[in-house]
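# Understanding the architecture of this molecule
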Amino acid sequence: MDKPSTLLVHFDKGSAAMANEIKADLEGSDVAAKVEAMKRAVMLLLNGETLPTLFITIVRYVLPSEDHTIQKLLLLYLEIIDKRDAAGRVLPEMILICQNLRNNLQHPNEYIRGVTLRFLCRLSEPEVLEPLVPSILENLEHRHHFIRRHALSAISAIYRLPQGDQLIPDAPELVERALASEQDASARRNAFVMLCLCGTERAVAYLLSNAERVMEWPDLLQMAAVDLIRKVCRPPNRADKGRYIKIIFSLRSSPSTAVLYECAGAIVSLSSAPTAVRAAAETYCQLLSSQSDNNVRLILLDRLNELHTSHRDVMVDVVMDVLRALASPNLDVKRKVLDLVLDLLTPRNVEEVVLYLKKEVVKTQSGELEKGGEYRQMLVQAIHACAVEYPEVAGSVVHLLMDFLGDTNVAAAVDVVLFVREIIETNPKLCVSMIQRLSDTFYQIRASRVCSIALWILGEYSLSLSEVESAIATIKQCLGDLPFFTISEEGETTDSSKPAQLVVNSVTVSSRRPVVLADGTYATQSAATEAISTPSVTPGSLALTLNLRSLILSGDFFLAAVVACTLTKLVLRLEEVQPSKVEANKACTGALLVMTSILQLGLSSYLPQPIDNDSYDRIVLCVRLLCNTGDDVRRIWLQSCRQSFAKMLAEKQFRETEEMRAKAQISHAQPDDLIDFYHLKSRKGMSQLELEDEVQDDLKAATGGFTKETDDANRLNRILQLTGFGDPVYAEAFVTVHHYDIVLDVTIVNRTKETLQNLCLELATMGDLKLVDRPQNYTLAPESSKQVRANIKVSSTETGVIFGNIVYETSNVMERSVVVLNDIHIDIMDYISPATCADVTFRNMWAEFEWENKVCA
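As the structure is a computational prediction, the values presented were derived from the model and not from experiment. (Residues numbered from 1 in each chain as written. Predicted model: local features only at pLDDT ≥ 70, side-chain atom pairs only at ≥ 80, totals over all residues. Heavy atoms only, no water.)

## A few points about the overall build of the chain
If you tally the helices and strands in the chain, you get 36 helices and 14 strands. Out of the 857 residues in the chain, the part that is buried amounts to 45%. Sequence-distant contacts in the chain: of pairs separated by 6 or more residues, those separated by 24 or more amount to 66%. In the structure as shown, the chain presents an accessible area of about 45,000 Å², 52% of it carried by carbon and sulfur atoms. (Helix = DSSP H or I, 4+ residues; strand = E, 2+ residues; numbered from the N terminus. Buried < 20%, exposed > 50% of the residue type's maximum accessible area, 1.4 Å probe, protein only. Contact = heavy atoms within 4.5 Å. Areas by Shrake-Rupley, 256 points an atom, 1.4 Å probe, with all protein chains shown as cover.)

## What about unusual backbone geometry?
At asparagine 758, a position not held by glycine, the phi torsion is positive, near 50 degrees. Here glutamate 783, not a glycine, exhibits a phi torsion of approximately 55 degrees, which is positive. Along the chain, glutamate 783 turns up in the loop between β10 (777-780) and β11 (785-794).

## Considering the confidence of the model for the chain
Scored by pLDDT, the chain comes out at a mean of 79, with 81% of its residues at no less than 70. Of all helices and strands in the chain, the one with the weakest mean pLDDT is strand β3 (residues 514-516) (56), whereas helix α9 (residues 145-159) scores best (91). Segment residues 499-513 is flagged for pLDDT under 50; beyond a separation of four residues in sequence, or across chains, it makes 31 contacts in the model. Within the model, pLDDT remains below 50 along residues 702-711, and this stretch shows 10 contacts once partners closer than five positions in the same chain are excluded. (pLDDT = per-residue confidence, 0-100.)

## Notes on the packing of α9 against helix α11 (residues 171-181)
Following both chains from N to C, one finds α9 and α11 inclined at 160 degrees, their axes separated by 11 Å at the closest point. Between α9 and α11, the interaxial angle falls into the category roughly antiparallel. Seen along the crossing, α9 lies across α11 with a hand that is left-handed. Every residue of α11 that contacts α9 at Leu152, Ile155 and Tyr159 is listed here: Ala171, Pro172, Val175 and Ala178. Taken together, the residues of the contact of α9 with α11 break down into 7 nonpolar, no polar and no charged. (Axes fitted to C-alpha atoms, helices over the stretch in contact; angles between N-to-C directions. Parallel < 35°, antiparallel > 145°, perpendicular 65-115°, else oblique. Left-handed = near helix turned anticlockwise from the far one by under 90°. Nonpolar A, V, L, I, M, F, W, Y, C, P; charged D, E, K, R; others polar.)

## Some words on helix α27 (residues 448-461)
Along its 14 residues, α27 runs 20 Å from first to last C-alpha, staying within 8% of the 20 Å computed at 1.5 Å per residue. In terms of burial, α27 is a largely internal element, 12 of the 14 residues being buried. Buried within α27 are the following residues: Ser448, Val450, Cys451, Ser452, Ile453, Ala454, Leu455, Ile457, Leu458, Gly459, Glu460 and Tyr461. (Expected span 1.5 Å × (residues − 1).)

## Here we look at the pattern of salt bridges
Under the defined criterion, the tally for this structure stands at 24 salt bridges. Across the pair arginine 230 and glutamate 262 runs a salt bridge whose closest N-O atoms are separated by 3.7 Å. Taken as a pair, arginine 230 in helix α14 (residues 219-232) and glutamate 262 in helix α16 (residues 257-270) lie far apart in primary sequence, 32 residues in all. When its relative accessible area of 28% is taken as the criterion, arginine 230 is described as partly exposed. Close ionic contact of arginine 816 with glutamate 809 constitutes a salt bridge, the shortest N to O distance being 3.6 Å. (Salt bridge = Lys/Arg side-chain N within 4 Å of Asp/Glu carboxyl O.)

## Describing the packing of α9 against helix α12 (residues 185-198)
The description of two helices packed together rests on the angle between their axes and the distance between the axes. With their axes 8 Å apart at the nearest point, α9 and α12 run at an angle of 15 degrees to one another. Between α9 and α12, the crossing angle belongs to the class labelled roughly parallel. For α9 against α12, the interelement crossing comes out left-handed. Contacts between α9 and α12 involve Arg149, Leu152, Ser153, Ile155, Ser156 and Tyr159 from the first element and Ser186, Ala187, Asn190, Ala191, Met194 and Cys198 from the second. Residue composition of the contact of α9 with α12, grouped by class: 7 nonpolar, 4 polar and 1 charged.

## Thoughts on the sheet that holds strand β9 (residues 769-771)
The strand order β5-β6-β7-β11-β9 describes an open sheet built from 5 strands, whose pairing is antiparallel. Since the sheet does not close on itself, it has two edges, and those belong to β5 (719-721) and β9, each with one partner. Between one strand axis and the next, the sheet turns by 30 degrees as a mean value, whatever way the strands run. The pairing of β9 with β11 spans 3 bridges and is classified as antiparallel. Paired with lysine 770 across the bridge in β11 is lysine 793. (Pairing = 2+ DSSP bridges.)

## Points about the side chain of arginine 148
Residue placement: arginine 148 occurs in helix α9. Within the local environment of arginine 148, its side chain forms a polar contact with the side chain of glutamate 182, the two groups lying 2.9 Å apart. Aside from chain neighbours lying at most four places away, what touches arginine 148 is Asn139, Leu140, His142, Arg143, Glu182 and Asp184. (Polar contact = N/O pair within 3.5 Å; in protein donor to acceptor, adjacent residues only side chain to side chain.)

## Notes on the packing of aromatic side chains
What the rule picks out here adds up to 7 aromatic pairs. Taken together, a centroid distance of 6.0 Å and an interplanar angle of 70 degrees make the contact between tryptophan 456 and tyrosine 461 edge-to-face. A relative accessible area of 22% places tryptophan 456 in the partly exposed class. On the accessibility criterion, tyrosine 461 (0% relative accessible area) is buried. Members of the aromatic cluster, connected to one another through ring pairs, are Phe192, Tyr206 and Trp217. The residue whose ring lies beneath lysine 334 is tyrosine 375, and the NZ or CZ to ring-centre distance is 3.9 Å. (Phe/Tyr/Trp six-rings, centres within 6.5 Å; stacked < 30°, edge-to-face > 60°. Lys NZ or Arg CZ within 6 Å of the ring centre and 35° of its normal.)

## Remarks on a negative patch on the surface
Taken together, the side chains of Asp339, Asp343, Glu389, Glu656 and Glu659 make up a negatively charged region of the molecular surface. Exposure remark for glutamate 389: the relative accessible area of 40% places this residue in the partly exposed category. (Patch = residues over 30% accessible without salt bridge, like charges linked within 9 Å, V, L, I, M, F, W, Y side chains within 5 Å. Lys, Arg positive; Asp, Glu negative; His and termini not counted. Charge placed at Lys NZ, Arg CZ, Asp CG, Glu CD.)

## Thoughts on the environment of leucine 304
For leucine 304, the position within the fold is in helix α18 (residues 294-310). Classification of leucine 304 as buried rests on a relative accessible area of 0%. Taking the C-alpha atoms as reference points, leucine 304 and valine 337, separated by 33 residues in sequence, lie 9.8 Å from one another. Apart from residues lying up to four places away in sequence, leucine 304 is in contact with Ala281, Tyr284, Cys285, Leu288, Met315, Val322 and Leu340.

## Considerations on the nonpolar core
Core analysis: the biggest nonpolar cluster contains 219 residues, and Tyr77, Leu120, Phe192, Leu207, Leu304, Leu357 and Leu548 have the highest contact counts within it. Apart from residues lying up to four places away in sequence, leucine 548 is in contact with Phe442, Cys451, Leu455, Ile475, Cys478, Leu479, Leu559 and Val563. (Core = buried A, V, L, I, M, F, W, Y, C linked by side-chain atoms within 4.5 Å.)

## A few points about α11
Of all the positions in α11, only Ala171, Pro172, Leu174, Val175, Ala178 and Leu179 are classed as buried. Angular distribution of buried residues about the axis of α11 spans 160 degrees; they occupy a single face of the element. Turned more than 90 degrees away from the buried face of α11 sit Ala180 and Ser181, all of them exposed. Where the residues of α11 are buried, they touch α8 (133-138), α9, α12 and α13 (200-209). (Arc of directions from axis to C-beta.)

## Observations regarding the environment of alanine 564
Position of alanine 564 among the secondary structure elements: in helix α30 (residues 557-577). With residues up to four places along the chain from it excluded, the contact list for alanine 564 reads Met595, Ile619 and Cys622.

## Re the pairing of strand β7 (residues 741-750)
Summarising burial for β7: 8 of the 10 residues are buried, a large majority. Judged from the 9 bridges that link them, β7 and β11 form a sheet pairing that is antiparallel. Within β11, the residue paired with leucine 744 across the bridge is alanine 790.

## Focus on the pairing of strand β6 (residues 729-738)
As paired elements, β5 and β6 share 3 bridges and run antiparallel to each other. Each bridged residue has a counterpart across the sheet, and for leucine 720 the counterpart in β6 is alanine 733.

## Concerning the environment of aspartate 440
Here aspartate 440 is to be found in helix α26 (residues 431-441). Taking the C-alpha atoms as reference points, aspartate 440 and threonine 474, separated by 34 residues in sequence, lie 8.0 Å from one another.

Structural data, given as structure tokens:
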């Protein structure tokens with residue numbers, strides 16, 4: 001049977017055979033050998049050995065020792081040995097120890113007295129403690145604070161025992177008297193905590209009588225005062241709450257950060273008044289900016305997030321203080337800050353927030369930040385969310401972000417181009433300037449996916465004659481000279497746009513392995529879609545502008561198909577806006593030349609991988625369309641695509657609005673409920689904070705804020721019957737699954753007229769489930785019940801099974817009886833909760849799986 005332990009030391013090199021060696025060392029006169037022997041004895045006992053013959057040896061040879069280390073180890077030994085027999089009575093040998101403990105309590109050395117008093121805090125046998133009480137009380141007046149401190153702890157521990165009030169009946173009065181005259185910080189804290197636990201009225205009286213001097217208290221005592229206020233102000237005991245809140249407000253100027261943190265938490269638990277919540281939020285923000293430990297910052301952000309859930313209107317005022325935590329170099333802290341700030345956006349603060357984020361984006365360009373690319377991606381996503389919710393701020397940031405379309409961090413560049421695509425649709429006023437900027441910066445893009453989206457934007461939103469002509473010229477410039485390769489007289493193929501020594505060598509990155517689509521399905525793609533082409537050329541040379549050519553020559557025919565579609569749209573729109581048919585026909589001929597050159601490249605042996613069928617069919621369709629265009633086809637290409645995109649954005653916005661509406665907590669007051677008018681309330685003797693707090697309490701009571709609804713039907717669904725109604729022992733389990741922990745609350749009912757002895761719930765698991773607790777034996781009276789809890793750890797996502805039986809004994813039958821339990825099946829869906837994930841994030845995480853790289857084509 002498991003027993004409580006106050007000491008834990010790892011020791012795996014011992015065995016019971018060492019007992020004779022320990023005994024011999026203890027009987028010797030060598031102090032160092034005795035110390036080592038006592039250490040081994042303690043560690044053996046902690047690992048389950050009994051060593052019954054060692055006690056008398058220790059009493060004879062260790063007890064008289066004056067060495068401080070041996071005396072300390074002796075107390076540890078006495079702390080962990082069994083002090084009671086099987087019947088629960090105190091062992092007679094313990095009486096031999098009492099005289100030694102009394103001598104220690106009167107020892108001239110302060111260390112011996114202190115460690116003995118600390119040892120007494122862990123004793124629970126009244127028979128041993130009773131003769132020591134007078135000596136313990138004498139130490140309350142010792143001249144050294146070390147002794148007084150531990151004497152107060154010992155008195156508190158003894159008084160809290162089941163029969164402690166009989167051992168020291170006047171303990172609260174003695175401690176109160178000691179607290180009034182004590183000067184040591186730790187001793188005062190121990191005395192005050194004892195009063196809080198055992199004499200709350202005395203502790204409250206002491207706190208209120210010293211309310212004006214609380215700021216002068218040491219931080220340990222201030223923490224204890226905050227804990228007391230939490231305890232005495234729990235509903236329904238809310239009398240004098242205003243006085244307690246004043247004390248906590250005064251503690252907000254304490255130099256101790258721990259006190260500040262506890263004060264903020266206490267303020268929120270005591271009051272929901274806007275002034276109080278604002279004070280707590282400001283305290284958390286003050287700690288957030290002053291603390292350098294990332295774990296502390298994450299905890300503080302969690303507390304601020306909790307405040308935001310129930311007091312969003314107040315948290316809006318401190319949003320800029322929260323943003324200052326972006327100075328932390330840790331990405332987890334930055335991510336939490338941005339998530340919190342995005343939930344606190346309002347029309348009043350959105351411009352200020354976006355301006356701050358814009359400055360942070362500029363800082364990432366310096367290259368001094370570690371993981372600057374990931375941080376820039378987070379900032380782009382945050383600005384994107386701000387611009388979607390408040391379109392009026394998009395114009396101030398979109399042009400800055402477009403400079404990052406050529407970012408070496410592909411994920412950040414994809415986020416930027418997605419942001420541009422959405423803003424250009426939702427903000428028609430910015431369309432002209434954004435198209436012009438995109439045409440100017442298109443040559444900087446090095447990622448295939450970013451190029452694809454940027455080409456789609458140019459094809460859809462280039463509307464005027466100048467925009468269309470500029471887009472066509474930009475694409476042709478990035479493609480370079482045609483054809484893509486030439487055959488020399490020796491029969492060798494070379495890139496026609498480059499000197500002979502610059503033969504493209506990036507084609508080896510081409511791959512035909514499956515890629516995963518947004519819906520989780522596979523598709524075959526013959527290009528490294530996220531590869532960034534970095535030709536080894538000097539800066540400023542012509543090759544740096546040929547981004548499309550480099551990607552196509554690396555085998556990316558999906559991008560080539562996108563180029564063909566974009567040119568088709570641009571030519572079709574040029575035919576509508578260009579008055580000169582000659583110019584329109586010239587542009588059409590140029591587009592056809594590009595498409596045929598791509599087809600020629602794909603069907604040649606210049607690249608190791610030929611063009612895939614999907615891209616080939618797509619480019620051929622574009623060729624046929626330009627050769628023979630109908631009105632219906634023209635309408636589909638020039639209007640339907642953009643309409644579909646607009647419809648997708650509208651559905652996305654509608655879905656987000658519905659989710660926000662579902663999350664909103666709407667409280668309704670019942671008919672005939674009291675309506676409290678703030679301005680008509682009596683203000684006599686009440687501060688502004690107390691008045692606000694009383695009004696807020698009334699509102700919470702009226703709207704059900706103090707009650708928590710529980711889904712009883714859902715709880716009943718998780719109750720599993722383990723035995724039959726005809727079995728002598730009935731058992732049922734309530735299964736609670738929390739992340740990777742499974743808790744079984746098993747109710748066992750004795751349905752017989754006999755007492756069941758040594759009843760044990762024996763469980764076993766199949767699969768990657770592991771039992772945490774060892775089974776214990778119980779005695780169950782006739783027709784009584786017992787609640788047994790079992791903890792199980794989940795170590796994988798496989799389905800597991802929990803099975804077992806109940807074993808018990810009765811007085812009439814000597815053999816043990818067994819009741820087999822029904823199996824409990826733990827399904828993977830029980831501990832997996834649904835969540836959302838962005839497309840880019842999904843693809844990045846999918847690529848990180850090692851097994852995914854081993855999928856054959």
